[in-house]
There are 6 protein chains.
Amino acid sequence: MLRKVLYPGSFDPPTLGHLDIIERASRLGERLVVGIGINSEKSGWFSVEERLEMLRACTAHLPNVEIAAFEGLLIHFAQQKGCSVMVRGMRAVTDFDYEFRIAMANRTLAPEIETVFLLARDEYSFLASSIVREVARLGGDVTAFVPPAVAESIARRTV
Amino acid sequence: MLRKVLYPGSFDPPTLGHLDIIERASRLGERLVVGIGINSEKSGWFSVEERLEMLRACTAHLPNVEIAAFEGLLIHFAQQKGCSVMVRGMRAVTDFDYEFRIAMANRTLAPEIETVFLLARDEYSFLASSIVREVARLGGDVTAFVPPAVAESIARRTV
Amino acid sequence: MLRKVLYPGSFDPPTLGHLDIIERASRLGERLVVGIGINSEKSGWFSVEERLEMLRACTAHLPNVEIAAFEGLLIHFAQQKGCSVMVRGMRAVTDFDYEFRIAMANRTLAPEIETVFLLARDEYSFLASSIVREVARLGGDVTAFVPPAVAESIARRTV
Amino acid sequence: MLRKVLYPGSFDPPTLGHLDIIERASRLGERLVVGIGINSEKSGWFSVEERLEMLRACTAHLPNVEIAAFEGLLIHFAQQKGCSVMVRGMRAVTDFDYEFRIAMANRTLAPEIETVFLLARDEYSFLASSIVREVARLGGDVTAFVPPAVAESIARRTV
Amino acid sequence: MLRKVLYPGSFDPPTLGHLDIIERASRLGERLVVGIGINSEKSGWFSVEERLEMLRACTAHLPNVEIAAFEGLLIHFAQQKGCSVMVRGMRAVTDFDYEFRIAMANRTLAPEIETVFLLARDEYSFLASSIVREVARLGGDVTAFVPPAVAESIARRTV
Amino acid sequence: MLRKVLYPGSFDPPTLGHLDIIERASRLGERLVVGIGINSEKSGWFSVEERLEMLRACTAHLPNVEIAAFEGLLIHFAQQKGCSVMVRGMRAVTDFDYEFRIAMANRTLAPEIETVFLLARDEYSFLASSIVREVARLGGDVTAFVPPAVAESIARRTV
């Protein structure tokens, strides 16, 4: 039985917290798909192509990880990729509530897909892409928050 | 003593969770007013008229329920309708915090109106109008989330 | 239609927070039963008789309030008293979780009984019988926490 | 790569919520060990032998599930059984905090073991062994809360 | 050793809750800086100049309090003002999560600055500038929520 | 103006999380009193004398820190020691609720004493004395959780 795992997100940009979850999730199944959700109504900080590239650079050392982008419902993407397990990172109690609702809606729509939660590593428990964007926008140093490849991309765009 | 109860919300669109609260709230007093709050600064997904109509269709079996729309402060509407009790549904812990603040602000403004909370039925604890809109927008099936009359309206608008 | 409301608790001892909920709950229905749950496995700080007496003294001004003690399941007591609504006070987020579980278990056992929640008045949001017992045990002044009749009972027992 | 999963707990008694997690966790790896933690300082409601028997009866239909009891540290048991993944059920926000602390302490002690969380199915989100014991002790009906084999064991002991 | 304390916020507008924190924070160090964060991407309800003026009027009785506005990263402003302690007000559990993340991000960026939290006074625990704006916008009375000087400014702008 | 700060707790045993708060709290005022609350109704794991000794050993490098034990109400001890500020560590959302209640009860009893909260350092956010006791009791290694002097005391008692 081949088990494929999906880790969905916006990754705008990817953080060290995302990378930690990717490494741990890659050990939960035979194969891990990292899925970048495209929101056609909201343009991101980085383009989808830039996010694909940054994630590929950060995960080059993980042979069973594949990066892909998707539009539409998350569960449709999971079904199309043949993923039976979805991984979500959880950092704090407000995450819990939000994630709980999403997981329950998804379970109603696609009961065959299981959602599992990994707790963020303690030193990344505060990290969110929005904090990285905010610190970068205000001229702060983000190297403690993102992988080197992402730090370079951020440096280029804020020059 | 005639006790009138108010259940306010946006109902954009009404969900099975809303309908469950309406049915239970209609047994708490002699009469229940379901109040659709109009936000003049933000146009909704459905118009106020469509929401009035959908709610009337869903509650036709409840003789002591009245549907109405209002602008301005919720407590002014409660006072004008003669409602001494307001009902709010609560689903999760982040609801709790938000609802707590609203209830306390309302208590400061109108101490004579009591706010009571009903817990969402477990199978609807994740349901929010925003999830229905999101699933519909992405082409998913919403029939497990809304009353039949609402599902038809959604089908018409997303054709 | 006569609506009877039940407000259950341990009331060991009754606090100003309990009294506030009693006054507000007494306006939600025709009649309010305040039910003291007897735990046969744990002896209380005050005896059940003392708690009955203190609650009767504190609620003498509320003609539609009845004080009673009960053993066994809460919902059996509600059914026996003919109460269709149960009132619970909620103070904080940990209350929320606990109360949510109790309410859902009760709903499974007795779907015809509705549980409604009232938020503790802000100045009593920290108050719990356990805090009153602790402050009294350590020699502190509890007059800001309990009705006068209860303060006298506490003074007598800690002499 | 053979992946063994551990689902630890007290199971005093096993509930329908536990059984749901067991069924879902059994699909996350090649093999699932359900581990009953023995607390040498506190005697349970059911003996460890009774809990082993009840869990074996409830999981007879799941060929890759093994029931075992253990003393001492959970992570030592996981290491001894060769389990690289631990599963925990999560029901509510207070669970989250407690589970978070346990998971972080375990990660410090045994970084090679991953803890994953499954959300309780909505209709079991209130269920805890303590509620089952309480309802049974007070003479209530527990058949909506536990598998038939457990309901029989409870009926025998409360006769 | 001169200890300077920073209390940052948007103060759009200042509320009685802010004023309470300012008074208490002014006693935690030799000197308190109240810092109005300027968001260059979002225009406020009141201009930064109006907020400076309102805060100065409200704190005229506190000789060791200074009001200032800042752009850019909060910790850069703290370092430039020589503040070793930052004060944040906390009202509720969702504040907790948000504040926790901000505090941890700031600690990573500037470990020498300590963040301390004060709990909102109970009667202001629901108060937020957004509630004041909402009530004012809908024609409600805000005098129970803000200092007199702020109520006057609001009255002038909503005429 | 000499500002004295009090950090109260059970410290049974002191953890690295406690030590971190002590070091940070010692910089908030001229002098820090670490107060060990004696519970006359419950004997601890370590005696009060052992806890005094362990805390003195761990804080020998902090010249402005004094260790003391107290019986009775915390605020009476604060008043007797002349402390105008109390420090509490906060780790998670359930701490928040508990601490909130204690802080509000103390404010009612002694409005002149301010309670400030410090967030636990991320790597200690799960640490509690109870976890240390549990791990030690089950034969696990506690050296990652407590200062060396405490690890030695634990090793001696569990031989």
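Residues numbered from 1 in each chain as written. Chains lettered and ligands numbered in written order. Predicted model: local features only at pLDDT ≥ 70, side-chain atom pairs only at ≥ 80, totals over all residues. Heavy atoms only, no water.

### A few points about the overall build of chain A
Move 1: A count of helical and extended segments in chain A gives six helices and five strands.
Move 2: Along the chain direction, N to C, the helices and strands of chain A fall in the order β-α-β-α-β-α-β-α-β-α-α.
Move 3: Over its C-alpha atoms chain A spans a radius of gyration of 15 Å, differing by no more than 12% from the 15 Å that the globule rule assigns to 159 residues.
Move 4: When its C-alpha atoms are laid out on the principal axes, chain A stretches across 45 × 35 × 35 Å.
Move 5: Here chain A holds 159 residues, and the buried ones make up 60% of them.
Move 6: Sequence-distant contacts, at least 24 apart, represent 77% of the contacts inside chain A between residues at least 6 apart.
Move 7: Counting every atom, chain A has about 6,500 Å² of accessible surface; 50% of that belongs to carbon and sulfur.
Move 8: If you average the places of the 18 positive and of the 20 negative side-chain charges in chain A, the two averages end up 2 Å apart. (Helix = DSSP H or I, 4+ residues; strand = E, 2+ residues; numbered from the N terminus. Rg over C-alpha atoms; globule rule 2.2 N^0.38 Å. Buried < 20%, exposed > 50% of the residue type's maximum accessible area, 1.4 Å probe, protein only. Contact = heavy atoms within 4.5 Å. Areas by Shrake-Rupley, 256 points an atom, 1.4 Å probe, with all protein chains shown as cover. Lys, Arg positive; Asp, Glu negative; His and termini not counted. Charge placed at Lys NZ, Arg CZ, Asp CG, Glu CD.)

### A few points about the arrangement of the chains
Move 1: What separates chain A from chain C at the closest point of their C-alpha atoms is a distance of 11 Å, and the two make no contact.
Move 2: At their nearest point, the C-alpha atoms of chain B and chain F are still 11 Å apart, with no contact between the two.

### What about helix H3 (residues 74-81) of chain A?
Residues and elements named next belong to chain A.
Move 1: Where H3 is concerned, the buried positions are Leu 74, Ile 75, Phe 77 and Ala 78. Buried residues along H3 cover an arc of 155° about the axis, so they all sit on one side.
Move 2: Just past H3, the residue Gly 82 takes up positive phi, approximately 70°. (Arc of directions from axis to C-beta.)

### A word on the sheet that holds strand S3 (residues 65-70) of chain F
Move 1: Spatially, S3(E)-S2(E)-S1(E)-S4(E)-S5(E)-S5(F)-S4(F)-S1(F)-S2(F)-S3(F) is the arrangement adopted by the ten strands of the open sheet, whose pairing is mixed. Sheet topology places strand S3 (65-70) of chain E together with S3 of chain F at the edges, where each strand pairs with a single neighbour. The sheet shows a mean angle of 30° between the axes of neighbouring strands, direction not considered.
Move 2: In this sheet, S3(F) lies alongside strand S2 (residues 31-37) of chain F in parallel orientation, the contact comprising six bridges. Looking at S3(F), one finds that Ile36(F) is bridged to Ala69(F).
Move 3: Running at roughly 135° to S3(E), helix H3 (residues 74-81) of chain E makes contact with strand S1 (4-9), strand S2 (31-37), S3 and strand S4 (85-90) of chain E of the sheet. (Pairing = 2+ DSSP bridges. Axes fitted to C-alpha atoms, helices over the stretch in contact; angles between N-to-C directions.)

### Remarks on the nonpolar core
Move 1: Membership of the largest hydrophobic core comes to 76 residues, with the highest contact counts inside it found for Phe145(D) and Phe145(E).
Move 2: Excluding its chain neighbours within four sequence positions, the residues that come into contact with Phe145(E) are Ala105(B), Thr108(B), Leu109(B), Thr15(E), Leu16(E), Phe126(E), Leu127(E), Val132(E) and Val135(E). (Core = buried A, V, L, I, M, F, W, Y, C linked by side-chain atoms within 4.5 Å.)

### Regarding the confidence of the model for chain A
Move 1: Taken residue by residue, chain A gives an average pLDDT of 90. The fraction at 70 or more is 94%.
Move 2: Across the interfaces of the predicted complex, the ipTM metric reaches 0.88, alongside a pTM of 0.89. (pLDDT = per-residue confidence, 0-100.)

### A short note on the relation of the copies chain C and chain B
Move 1: Here chain C sits on chain B after a turn of 180° about the axis and a move of 0.0 Å along it, with an RMSD of 0.0 Å. Both copies of the chain, as the preceding transformation shows, are related through a two-fold rotation axis. No C-alpha of chain C approaches the rotation axis more nearly than that of Phe117(C), which lies at 2.4 Å.
Move 2: Comparing interface residues between copies, 96% of those in chain C also sit at the interface in chain B, which points to an isologous, same-surface contact. (Least-squares fit on C-alpha atoms with pLDDT ≥ 70 in both.)

### Focus on the interface of chain C and chain B
Move 1: Listed per partner, the contact involves 27 residues of chain C and 26 residues of chain B.
Move 2: Regarding the contact of chain C and chain B, the summed buried area is about 2,300 Å², with carbon and sulfur atoms giving 61% of it.
Move 3: Joining chain C to chain B, the criterion identifies three salt bridges.
Move 4: We note a salt bridge from Glu30(C) to Arg3(B), for which the minimum N-O separation is 4.0 Å.
Move 5: The interface formed by chain C and chain B contains nine residue pairs in polar contact (both at pLDDT 80 or more).
Move 6: Counting only elements with at least two residues in the side of chain C that touches chain B, the list comes to strand S4 (85-90), helix H4 (93-109) and strand S5 (114-119) of chain C.
Move 7: Here the side of chain C that touches chain B is composed, by residue class, of 15 nonpolar, two polar and ten charged. (Buried area = accessible area lost by both parts, 1.4 Å probe. Salt bridge = Lys/Arg side-chain N within 4 Å of Asp/Glu carboxyl O. Polar contact = N/O pair within 3.5 Å; in protein donor to acceptor, adjacent residues only side chain to side chain. Nonpolar A, V, L, I, M, F, W, Y, C, P; charged D, E, K, R; others polar.)

### Digging into the environment of Ser40(E)
Move 1: Summarising the element assignment, Ser40(E) is placed in the loop between S2 and helix H2 (48-58).
Move 2: When its relative accessible area of 57% is taken as the criterion, Ser40(E) is described as exposed.
Move 3: Each C-alpha atom of the pair Ser40(E) and Ser84(E) lies 26 Å from the other, and the pair is 44 residues apart in sequence.
Move 4: Excluding residues within four positions of it along the chain, Ser40(E) makes contact with Arg137(A) and Glu71(E).

### Describing the side chain of Ser153(A)
Move 1: With respect to the helices, strands and loops of the structure, Ser153(A) is situated in helix H6 (residues 148-158).
Move 2: Looking at Ser153(A), the relative accessible area reads 12%, which means it is buried.

### Details of unusual backbone geometry
Move 1: Following Asp12(A), the chain continues to Pro13(A) via a peptide bond in cis, the omega torsion being 5°.
Move 2: Tracing the sequence through the fold places Pro13(A) in the loop between strand S1 (4-9) and helix H1 (16-25).
Move 3: Positive phi, normally seen in glycine, also occurs at Phe11(E), with a value near 50°.
Move 4: Here Phe11(E) is to be found in the loop between S1 and helix H1 (16-25).
Move 5: For Phe11(E), a relative accessible area of 2% gives the class buried.

### Topic: the pairing of strand S2 (residues 31-37) of chain C
Residues and elements named next belong to chain C.
Move 1: Most of S2 sits inside the fold, with five of its seven residues counted as buried.
Move 2: Pairing between strand S1 (residues 4-9) and S2: six bridges, direction parallel. The partner of Pro 8 across the bridge, within S2, is Gly 35.
Move 3: A crossover links S1 with its parallel partner S2, the connecting element being helix H1 (residues 16-25), and its sense is right-handed.
Move 4: Following the backbone out of S2, through helix H2 (residues 48-58) and into the adjacent parallel strand S3 (residues 65-70), one traces a crossover that is right-handed. (Right-handed = clockwise from strand over helix to strand, strands pointing away.)

### Re the packing of aromatic side chains
Move 1: If you walk through the whole model with that rule in mind, you get 24 aromatic pairs over all chains.
Move 2: With a centroid separation of 5.4 Å and 80° between ring planes, the pair formed by Tyr7(C) and Phe11(C) is classed as edge-to-face.
Move 3: According to the relative accessible area criterion, Tyr7(C) is buried, its value standing at 6%.
Move 4: Taking the centre distance of 4.4 Å and the plane angle of 10° together, the rings of Phe70(C) and Phe77(C) count as stacked.
Move 5: One residue, Arg157(A), lies across the ring of Trp45(A), its end atom 4.5 Å from the ring centre. (Phe/Tyr/Trp six-rings, centres within 6.5 Å; stacked < 30°, edge-to-face > 60°. Lys NZ or Arg CZ within 6 Å of the ring centre and 35° of its normal.)

### Examining the environment of Glu49(C)
Residue and element names in this part refer to chain C.
Move 1: Here Glu 49 shows up in helix H2.
Move 2: Relative accessible area serves as the criterion here: at 53%, Glu 49 is assigned to the exposed category.
Move 3: Distance in space between the C-alpha atoms of Glu 49 and Ala 69 is 8.9 Å, their sequence separation being 20 residues.

### Considering the pattern of salt bridges
Move 1: Summed over all chains, the structure comprises 45 salt bridges over all chains.
Move 2: One salt bridge connects Glu114(E) with Arg24(F), and the closest N-O pair in it is separated by 2.8 Å. Of this pair, Glu114(E) sits in strand S5 (residues 114-119) while Arg24(F) is found in helix H1 (residues 16-25), placing the two residues in two different chains.
Move 3: Owing to a relative accessible area of 11%, Glu114(E) belongs among the buried residues under this scheme.
Move 4: Owing to a relative accessible area of 3%, Arg24(F) belongs among the buried residues under this scheme.
Move 5: Here the residues in one salt-bridge network are Asp20(A), Arg24(A), Arg121(A) and Glu114(D), joined through shared partners.

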